[in-house]
Number of protein chains: 2
Amino acid sequence: MSVTVEKALQLIEALAGANGPVGVSQLGRDLQINKSTVYRLLDTLVRHGYARQEEDGARYALTVKLWEMGIGVVRGLSLPRAARPLLEQAAEETGETTMLAVVQGREALIIDKVDSRHPLQIFSPLGARLPIANSAMGRVLLAFQPEPVIDAAVEAFAPRTEFGIQTPAQLRKDLARIRAEGASQSCDEWQIGIAGAAAPIRDASGVVAGAFCITGPTARLCEDKLSALRTRCLEASRTISQLLGYAG
Amino acid sequence: MSVTVEKALQLIEALAGANGPVGVSQLGRDLQINKSTVYRLLDTLVRHGYARQEEDGARYALTVKLWEMGIGVVRGLSLPRAARPLLEQAAEETGETTMLAVVQGREALIIDKVDSRHPLQIFSPLGARLPIANSAMGRVLLAFQPEPVIDAAVEAFAPRTEFGIQTPAQLRKDLARIRAEGASQSCDEWQIGIAGAAAPIRDASGVVAGAFCITGPTARLCEDKLSALRTRCLEASRTISQLLGYAG
DNA sequence: AACGCCGTTCCTATATTTGAAACGGCATGC
DNA sequence: GCATGCCGTTTCAAATATAGGAACGGCGTT
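Since we're looking at a predicted model, the values are computed, not measured.

Engineer: Give me the lowdown on the interface of chain A and chain B, citing residues and values where you can.
Structural biologist: Interfaces are often described in size by the accessible area the parts lose on coming together. Counting from both sides, the interface comprises 42 residues of chain A and, opposite them, 43 residues of chain B. By the criterion of area lost to chain B, the three top residues of chain A are A:Met1, A:Val64 and A:Trp67, representing 18% of everything that side buries. In this assembly, chain A and chain B are joined by four salt bridges. Between B:Glu13 and A:Lys65 there is a salt bridge, with its nearest N and O atoms 3.4 Å apart. Counting residues per element, the ones that place at least two in the side of chain A that touches chain B are helix H1 (3-17), helix H3 (35-47), helix H4 (65-76), strand S3 (97-104) and strand S4 (107-114) of chain A. Top contributing element to the side of chain A that touches chain B by residue count: H4(A), with ten residues. Looking at side-chain class alone, the side of chain A that touches chain B contains 24 nonpolar, nine polar and nine charged residues.

In structure tokens form, the structure reads like this:
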């Protein structure tokens, strides 16, 4: 483990997290790193175009270089490329918001989406994270994770509303059902008023690489409608899986 | 300058640039870094969630963490927030593709856009870079850069087509005109068949922070139309500048 | 069976990082 | 108008984390 690189990464994360420029001393205090060290590392980041000093000659902020490289990362992935047309198609046909999510750490991360055109719609920006156990999108990803990850998530489970799954035992049962049925749906579980359906996408090796989700206000999505959306997710995810080379 | 961090950044860039997983030895050869060092640095990146080892237990690739943090960077910027509604509005009204660009290094970087709905439209993905001297978008940014940057760009100038500006002298004159008129336009200069107009956006301190651009096929944009789009860019960029706190 | 390449681990000389201290600039408060 | 405090920046000797050659075990090819 390279401690110097670790500090540099901490610095980048701190700058990305702050919503504005930060000073050398401030960063040193926040991260418990010596001021001189912070300065030298920032200097390195600046020289390589990752950060820049504000016009006031004091505080530092990240440049768009990180964003640009991030764009390169997702562009390099075959998943979003394959999924994009189906996101658009399903959004068009159902009139609801469609999303593509992957597992990142212990949460589900939205890496692409197509917004509904309804005046009443779900607000969830690109890059947003959702709890992995309290939503259809999260659970469909969780269900196909390795045992230890599932166990950890089940143990750490806590309901976020009074609806849907309330206990670790129910969660474990639901995950088994998802594996059996190949799709999931939920209502008012993550946030009151939001419902959604999701299905897993598999890559060429059969590993679940992401989730195809359709989400909308509970007000519009009665049980029947939600069930239809779940089927829609299944179809879309199957198509995408095939595009990725999944034979099953 | 921290050499360790520099190597780590090189590693990240190499991984982001490659369109697939790369092995330790390969990276070492490409970047001329010792295999052991590459391994240790990669290990650090993996432990912090920036990279992961592929299922084959061999090669390494970046995760979406970089993308996620990049998203945070642009979200933190006030420019895209302020510009977004006007990009949408102008795209709706003109029917052409609208873009928001900033200077990154010696090029113009597209950080947001709204696509035209014409069947014939300009292909320029988010994160694409345009030469700073061979397009309306680039020149409107270049015109307000510090002297040395302008001088360097003028010296390095080379036409990309047989249309529009052809010599460094013409470029320098055009930049002066842009500063006087406050907007620019171009036709068939970057790529044959593409025309565009652009105007600079200023932040609260009066510094040019970005460019508002409208672009479309030369086939649709005759001289008159292009001139109207230039005016449209000016209006939009003025509005955005005001939103950012620019008083002038 | 031998080879070559892979990712990984080990180890020590050494080059790098570290962090306290001091500098000059700038604002604030007395 | 002086003193104080915080800022980013620079310096430098001591400490240490890094570098990189060498070797390991695994794997596929020859």
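Engineer: I'd like to hear about the pairing of strand S6 (residues 184-187) of chain A, residue by residue, with values.
Structural biologist: As judged from the four bridges shared by S6(A) and strand S7 (residues 194-202) of chain A, these two strands associate in the antiparallel manner. Its bridge partner lying in S7(A), A:Ser184 is registered against A:Ala198.

Engineer: Residues and numbers for the relation of the copies chain A and chain B, please.
Structural biologist: Turning chain A through 180° and shifting it by 0.0 Å along the axis lays it on chain B, with an RMSD of 0.1 Å. Such a turn and shift between the copies fits a two-fold axis. By C-alpha distance to the rotation axis, the residue of chain A lying nearest is A:Val5, at 2.6 Å. Of the interface residues in chain A, 100% have counterparts in chain B that sit at the interface too, so the contact is made through matching surfaces.

Engineer: So, the layout of surface pockets: which residues are in play, and what are the values?
Structural biologist: One number sums up the size of the largest pocket: a volume of about 2,700 Å³. Along the wall of the largest pocket there are 49 residues; nearest its centre are A:Arg84, A:Lys113, B:Arg84, B:Lys113 and B:Leu126. Within the residue set of the lining of the largest pocket, elements represented by two or more residues are H4, helix H5 (78-94) and S4 of chain A together with helix H4 (65-76), helix H5 (78-94) and strand S4 (107-114) of chain B.

Engineer: Which residues make up the pairing of strand S8 (residues 208-217) of chain B, and what values go with them?
Structural biologist: Residue and element names in this part refer to chain B. The element S8 is extensively covered by neighbouring structure, given that nine of its ten residues are classed as buried. Bridge analysis of strand S3 (residues 97-104) against S8 gives five bridges, and the strand direction is antiparallel. Bridging from a neighbouring strand, Leu 100 pairs with Phe 212 of S8. Two elements, strand S7 (residues 194-202) and S8, share nine bridges in a ladder whose sense is antiparallel. When the sheet's bridge partners are listed, Ile 194 is paired in S8 with Pro 217. Counting the residues in the hairpin turn of S7 and S8 gives five residues, including Gly 206, whose phi is positive at 90°.

Engineer: How would you explain the protein's contact with DNA strand D if you had to name every residue and give the values?
Structural biologist: As a matter of local geometry, DNA strand D sits amid 20 residues, with A:Ser25, A:Tyr39, A:Tyr60, B:Asn34 and B:Ser36 nearest to it. Taking the atoms of DNA strand D that fall within 4 Å of the protein, sugar and phosphate contribute 75% of them. A distance of 3.5 Å is found between a phosphate oxygen of DNA strand D and a backbone nitrogen or oxygen belonging to A:Thr4. One nitrogen or oxygen atom from the side chain of A:Arg29 is found 2.7 Å from a phosphate oxygen belonging to DNA strand D. At the level of secondary structure, the elements contributing two or more residues to the surface near DNA strand D comprise H1, helix H2 (24-31) and H3 of chain A together with helix H1 (3-17) and helix H3 (35-47) of chain B. Residues of the surface near DNA strand D, tallied by class, amount to six nonpolar, ten polar and four charged.

Rules of the game
- Residues numbered from 1 in each chain as written.
- Chains lettered and ligands numbered in written order.
- Predicted model: local features only at pLDDT ≥ 70, side-chain atom pairs only at ≥ 80, totals over all residues.
- Heavy atoms only, no water.
- Contact = heavy atoms within 4.5 Å.
- Buried area = accessible area lost by both parts, 1.4 Å probe.
- Salt bridge = Lys/Arg side-chain N within 4 Å of Asp/Glu carboxyl O.
- Helix = DSSP H or I, 4+ residues; strand = E, 2+ residues; numbered from the N terminus.
- Nonpolar A, V, L, I, M, F, W, Y, C, P; charged D, E, K, R; others polar.
- Pairing = 2+ DSSP bridges.
- Least-squares fit on C-alpha atoms with pLDDT ≥ 70 in both.
- 1 Å grid on protein atoms, 1.4 Å probe; cavity = no way out; pocket = protein on both sides within 12 Å on 5 of 7 lines; lining within 4 Å.
- Points joined across faces, edges and corners; volume = space filled by probe spheres on them.
- Buried < 20%, exposed > 50% of the residue type's maximum accessible area, 1.4 Å probe, protein only.
- Near = heavy atom within 4 Å.
- Polar contact = N/O pair within 3.5 Å; in protein donor to acceptor, adjacent residues only side chain to side chain.

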